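# Close look at the chain arrangement
Spelled out, the chains give:
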Amino acid sequence: MVRISSRRLQAGFAAATIVFALAGCASGKWGFPYKAPVQQGNWVTSEQVALLQVGMTREQVRFALGSPTLTSVLHADRWDFPYYYKPGYGKPQERKFTVWFQDDKLVRWQGDEQPDLQPFQLANQDVKRADAENRQTLEDAQRAKDADKSHGNVTISPPTPTDSTTPGAVPTPGMSSPQPL
């Protein structure tokens with residue numbers, strides 16, 4: 001019987017522990033470690049911006065854009081709507097939009113170009129796109145299947161029924177009943 005010294009056993013265990021610990025910290029194609037996406041601020045769409053009109057009240061602007069993320073005591077006539085999104089892996093997005101009031105009436109607005117859709121609409125659009133791709137794949141498969149069946153210009157059709165009284169009888173053109181083979 002071979003005896004392994006406890007010192008070698010401890011060294012092997014320590015090496016295995018270090019290897020597994022380092023493998024758990026490595027990032028690779030499996031997405032380890034997990035990095036949660038970070039979303040902060042107001043998502044303002046171009047449709048919401050199109051609702052703005054000079055002379056709107058604060059409440060009307062709040063209804064159109066949502067509550068402002070940033071308001072300042074020093075700049076009471078200014079509302080800021082910043083947006084920041086950092087996916088777990090990938091490039092962060094940042095947009096800013098600001099509205100200014102004078103005598104509690106909207107006088108102007110300025111900011112980055114805003115997206116056309118809300119995040120949930122973008123997700124629905126991705127689902128619809130995937131459904132369309134799947135539908136196209138199924139249609140292509142059906143066309144290929146139909147092309148295989150036709151073998152060029154000849155169409156394969158199921159056999160015609162025969163007379164039950166005569167086994168192996170085949171219908172003959174111009175005859176009223178099937179003729180035996």
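Presented here is a report on the structure given in the accompanying data block. (Residues numbered from 1 in each chain as written. Predicted model: local features only at pLDDT ≥ 70, side-chain atom pairs only at ≥ 80, totals over all residues. Heavy atoms only, no water.)

### Focus on the overall build of the protein chain
Heads up, the condition is: Only runs of H or I of at least four residues qualify as helices and only runs of E of at least two qualify as strands under DSSP, and these elements are numbered from the N terminus. Note on classification: 1.4 Å probe, protein chains only; a residue is buried when its accessible area is under 20% of the maximum for its type, exposed when over 50%, partly exposed between these limits. Contact definition: two residues touch when any of their heavy atoms are within 4.5 Å. Residue exposure ignores everything except the shown protein chains as possible cover, and the areas themselves are Shrake-Rupley values with a 1.4 Å probe.
The number of helices and strands found in the protein chain is 4 helices and 7 strands. Mapped in sequence order, the helices and strands of the protein chain form the string α-β-α-α-β-β-β-β-β-β-α. Per-residue burial over the protein chain gives 16% buried out of 181 residues. The contacts in the protein chain between residues at least 6 apart in sequence include a share of 44% that link residues at least 24 apart. Surface exposure of the protein chain reaches about 14,500 Å², of which carbon and sulfur atoms provide 58%.

### Focus on the pairing of strand 7 (residues 105–111)
Definition in use: Here, any two strands with at least 2 DSSP bridges between them count as paired.
Here strand 6 (residues 97–102) pairs with strand 7 via 6 bridges, running antiparallel. Bridge assignment links Thr98 to a residue of strand 7, and that residue is Gln110. Counting the residues between successive antiparallel strands, the hairpin from strand 6 to strand 7 contains 2 residues, one of them, Asp103, with a positive phi of roughly 55°.

### A look at the pattern of salt bridges
Note on pairing: side chains with opposite charge can pair once their charged atoms come close. Here is the rule we go by: We count a salt bridge whenever a side-chain nitrogen from Lys or Arg sits within 4 Å of a carboxyl oxygen from Asp or Glu.
Summed over the entire model, instances satisfying the criterion amount to 6 salt bridges. A salt bridge links Asp77 to Arg58; the shortest N-O distance between them is 3.0 Å. Here Arg58 lies in helix 3 (residues 58–65) and Asp77 lies in the loop between strand 2 (70–71) and strand 3 (78–80), a separation of 19 residues in the sequence. Residue classification places Asp77 among the partly exposed positions, given a relative accessible area of 38%. Put simply, Arg143 and Asp140 hold a salt bridge, and the shortest N to O gap is 2.7 Å. One end of the pair is Arg143 and the other is Asp140, both in helix 4 (residues 119–150) and 3 residues apart, which spans about a single turn. According to the relative accessible area criterion, Asp140 is partly exposed, its value standing at 36%. Three or more residues are tied together by salt bridges with common partners; here these are Arg58, Asp77 and Asp104.

### Overview of the sheet that holds strand 3
Reading across the sheet, the 4 strands line up as 2-3-6-7 and stay open at both edges, with antiparallel pairing between neighbours. Only two strands of the sheet have a single partner each, and these edge strands are strand 2 and strand 7.

### Some details on helix 3
The condition is simple: An arc is given here, and it is the one of the directions from the helix axis to the C-beta atoms.
Those residues of helix 3 that sit buried are Arg58, Val61, Ala64 and Leu65. In a view along the axis of helix 3, the buried residues occupy a sector of 125°, so they form one face of it. Along helix 3, exposed side chains directed more than 90 degrees from the buried face belong to Glu59 and Phe63. The inward-facing, buried residues of helix 3 contact helix 2 (46–50), strand 3, strand 6 and strand 7. Downstream of helix 3 by one or two residues, Gly66 has phi in the positive range, about 95°.

### Regarding unusual backbone geometry
A positive phi angle, near 55°, is found at Asp103, a position not held by glycine. Mapped onto the elements, Asp103 comes out in the loop between strand 6 and strand 7. Judged by relative accessible area, which is 68%, Asp103 ranks as exposed. Phi at Asp104 is positive, roughly 60°, even though this residue is not glycine. Checked against the element boundaries, Asp104 lands in the loop between strand 6 and strand 7.

### Things to note about the nonpolar core
Generally speaking, soluble globular proteins have nonpolar side chains that are buried together. Rules: Buried residues of nine kinds, namely Ala, Val, Leu, Ile, Met, Phe, Trp, Tyr and Cys, make up a nonpolar core once their side-chain atoms join them within 4.5 Å.
Of all hydrophobic cores here, the largest spans 13 residues; its most connected members are Leu52, Val61, Leu65, Phe81, Phe97, Val99 and Leu106. Listed by contribution, the elements that provide at least two residues to this core are helix 3 and strand 6. For Val99, the residues in contact, after removing those within four places along its chain, are Leu52, Val61, Leu65, Asp77, Arg78, Trp79, Phe81, Leu106, Arg108 and Trp109.

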